[in-house]
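Here is how the chains run, residue by residue.
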Amino acid sequence: MNTENLSLGKKVVVGIQFLFVAFGATVLVPILVGIDPATALLTAGLGTFIFHFVTKGRVPIFLGSSFAFIAPINVASEQWGLGGALAGLTAVSVVYFGMSALIKWQGRKLLNRIFPPVVIGPVIILIGLSLSETAVNMAKSDWLLAFSSLFTAILVLTFGKGLMKLVPIISGVVVGYIVALCIGKVDFSGVVAASWFSFPVKFDTITHFSWAPFLYMLPVAIAPVLEHIGDVYVVSAVAKKEFVVNPGLHRTMLGDGLACLASAFLGGPPETTYSEVTGAMSITKVTSPAVIRISAATALFFSVIGKLSALLQSIPKAVLGGIMLLLFGTIASVGIQNMMQRKVDMNDTRNIIIISVMLTMGLGGAVLSSGNFAISGIGLSAIVGVVLNLVLPKMKKTEEKKAE
C-alpha cells in the first residue's frame, strides 16, 4: 500500500491503532516491576522519537518496554532497590553502543557472515512464535472476549473497504470492549481514582547508580540486542526495504541504545523494538514511519492524561489477547517468506540442522546460565544458530550433484 496517499486523518487513526497494539505489553512490564505505567508510556514515546531521529526517520519501528528485563529488574531491586536497578539499566545502552560501533567498523560483510538468511529466518519465526504463549495466556482468561476481538479483526481485514480496511485492530478492540461492558468484565475503579493530569517522570533514578547492578545488567542485554537485529530484518521484509543497509543496522542499534539510556534517566524500563507493531504493519500494509511517529506522539499524550491512560488500562487482557493471536502468527509467516525469498535451500542438510536446532531450542525453553548470567529463548537460539553456521562445513556443489 502506498501510504503516501493516505490522508492525515487516516494516518492518525492507524497510528493510534498501532499504539493499541503495543499498549498492553508496554504497560504490563512496568506493572510487573513496580514502575508507574504512565512513565513507561512516556519513555516509549520519547524513545521512539529518539530512534527515528537517529535513523533519519526511515525505519517504521516503535519502541516499548522490554519483557527481557522483568526478572532481572525484580532480582536487582531486591538487592539494590528499584532506584539502583533502574540506574543499573544504563548498562543496556552500553551494549547497544558497543554493537553499533562493531557493525559500523565491520559493515555488511560481518552481518552477512554472522547472520545469513538461514539464521535470520528462524530468528524471525521465533520472534513470532515465542510470543504465542503470551497471546494464548491473555486470551484464555476469557475466550468469549478473545474470540469477539479476533473474529471482528479478521472480518474487517477480509471484507473491510477504505478506512475500515486499515483499522482491523481498533475494530476488534472496540467490539471486544463493548462485549466486556455488556457482561460486566470492565473495572472502572482505576479510571475513577486517576487524576486528569499527571507528570510521571522520576528524574532521581540516576542518583542511585552503582557498579554492582550495572555489571549485573550487562549480560542480560545480549538477548534484546540479538532480537533487535531480527526485528530490523522483519521490518525490512514487511516494508520491502533494506533498512539493514540504509540507514544501517549501526544506526538502529545506536537509536535503540540512546532510547534505553533516556529511559533509565527518566525512571522507565529499557526499550526494545516491538514485534507487535510490526505484525500490525504486516496485516494492514501500512509501513510509513510517519504513522509510527503518530503512535509515539499518542503515547506521550496518554502518559500525561491520567484518565485516558487508566481507561486504556481498563481494557480486559483477553480482548488484547484475541488480537495478539492474529498478530504474532503473521510475524512467524514473515520469517518463512524471508527464507523463501532469499532462496534458502531446504534440501541442504546443513541448513536443516541449523534451522531445526534453533527452532527446538528457541521454542523448547532452553536456558544457559552461570552464576547471575543467564540467556535463553531467542537470544540463546540466535547464538547457537550463528555458531552452527560458522562451524558446519558447506557442501561443495560437485558433492551436491553427486548426492542428487
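Residues numbered from 1 in each chain as written. Predicted model: local features only at pLDDT ≥ 70, side-chain atom pairs only at ≥ 80, totals over all residues. Heavy atoms only, no water.

As recorded in an unreviewed UniProt entry, the protein goes by Uracil permease and comes from Segatella oris C735. Taken directly from UniProt, the Subcellular location (unreviewed entry) text for the protein runs: "Membrane". (UniProt positions renumbered as here; feature names shortened; annotations may be inferred.)

On to the overall build of the protein. On a plain count of helices and strands, the protein comes out with 21 helices and four strands. Across the 404 residues in the protein, those meeting the buried criterion constitute 55%. Partitioning the intrachain contacts of the protein with sequence separation of at least 6 by distance along the chain shows that 83% fall at a separation of at least 24. Element-wise, carbon and sulfur atoms account for 66% of the exposed surface of the protein, whose accessible area totals about 17,300 Å². (Helix = DSSP H or I, 4+ residues; strand = E, 2+ residues; numbered from the N terminus. Buried < 20%, exposed > 50% of the residue type's maximum accessible area, 1.4 Å probe, protein only. Contact = heavy atoms within 4.5 Å. Areas by Shrake-Rupley, 256 points an atom, 1.4 Å probe, with all protein chains shown as cover.)

Under the definition given, this model contains one salt bridge. Asp142 is the salt-bridge partner of Lys185, the closest N and O atoms lying 2.6 Å from each other. Of the two residues, Lys185 is situated in the loop between helix H10 (168-182) and helix H11 (189-193) and Asp142 in the loop between helix H7 (132-139) and helix H8 (143-159); the sequence distance between them amounts to 43 residues. Lys185 sits in the partly exposed class, given a relative accessible area of 45%. Accessibility expressed as a relative area gives 12% for Asp142, which makes it buried. (Salt bridge = Lys/Arg side-chain N within 4 Å of Asp/Glu carboxyl O.)

We now examine the packing of H7 against helix H18 (residues 317-341). Each pair of packed helices gets described by two things: the angle between the helix axes and the distance between those axes. The contact between H7 and H18 brings their axes to 7 Å, and the two run at 145°. For the pair H7 and H18, the sense of crossing is left-handed. Facing H7, whose interface residues are Ser132, Ala135, Val136, Met138 and Ala139, H18 presents Lys317, Ala318, Leu320, Gly321, Gly322, Met324, Leu325 and Phe328. (Axes fitted to C-alpha atoms, helices over the stretch in contact; angles between N-to-C directions. Left-handed = near helix turned anticlockwise from the far one by under 90°.)

All right, on to H7 then. Inspection of H7 places Ala135, Met138 and Ala139 among the buried residues, and these make up the whole buried set. The arc that holds every buried residue of H7, seen down its axis, measures 95°, which confines them to one face. Among the structural elements, H8 and H18 are those in contact with the buried residues of H7. (Arc of directions from axis to C-beta.)

Attention now moves to empty space enclosed by the protein. Summary: where empty space remains is shown by rolling a probe the size of a single water molecule over the atoms. Going through the model one piece at a time under the given rule, you end up with one cavity of 30 Å³ or more. Space inside the largest cavity adds up to approximately 40 Å³. Taken together, Pro60, Ile61, Phe62, Asp231, Val235, Thr273, Tyr274, Ser275, Val277 and Thr278 make up the lining of the largest cavity. Those elements that provide at least two residues to the lining of the largest cavity are helix H13 (222-239) and helix H15 (275-284). Top contributing element to the lining of the largest cavity by residue count: H15, with three residues. For the lining of the largest cavity, the per-class residue count stands at six nonpolar, three polar and one charged. (1 Å grid on protein atoms, 1.4 Å probe; cavity = no way out; pocket = protein on both sides within 12 Å on 5 of 7 lines; lining within 4 Å. Points joined across faces, edges and corners; volume = space filled by probe spheres on them. Nonpolar A, V, L, I, M, F, W, Y, C, P; charged D, E, K, R; others polar.)

Another aspect to go through is the packing of aromatic side chains. Under the criterion given, the structure shown has four aromatic pairs. Ring geometry for Phe147 against Phe151: centres 5.4 Å apart, planes inclined by 10°, an arrangement best described as stacked. Of this pair, Phe147 and Phe151 both sit in helix H8, separated by four residues, roughly a single helical turn. For the ring pair Phe301 and Phe302, a centre distance of 6.1 Å and an interplane angle of 45° mean the geometry is tilted. (Phe/Tyr/Trp six-rings, centres within 6.5 Å; stacked < 30°, edge-to-face > 60°.)

Here His52 is to be found in helix H2 (residues 37-54). Those residues in contact with His52, other than ones at most four positions away along the chain, are Gly57, Val59, Pro60, Ile61, Pro289, Ile292 and Arg293.

In this fold, Leu326 is placed in helix H18. Separated by 173 residues in the primary sequence, Leu326 and Ala153 have C-alpha atoms spaced 8.6 Å apart. Apart from the residues lying within four places of it in its own chain, the contact partners of Leu326 are Leu150, Ala153 and Ile283.

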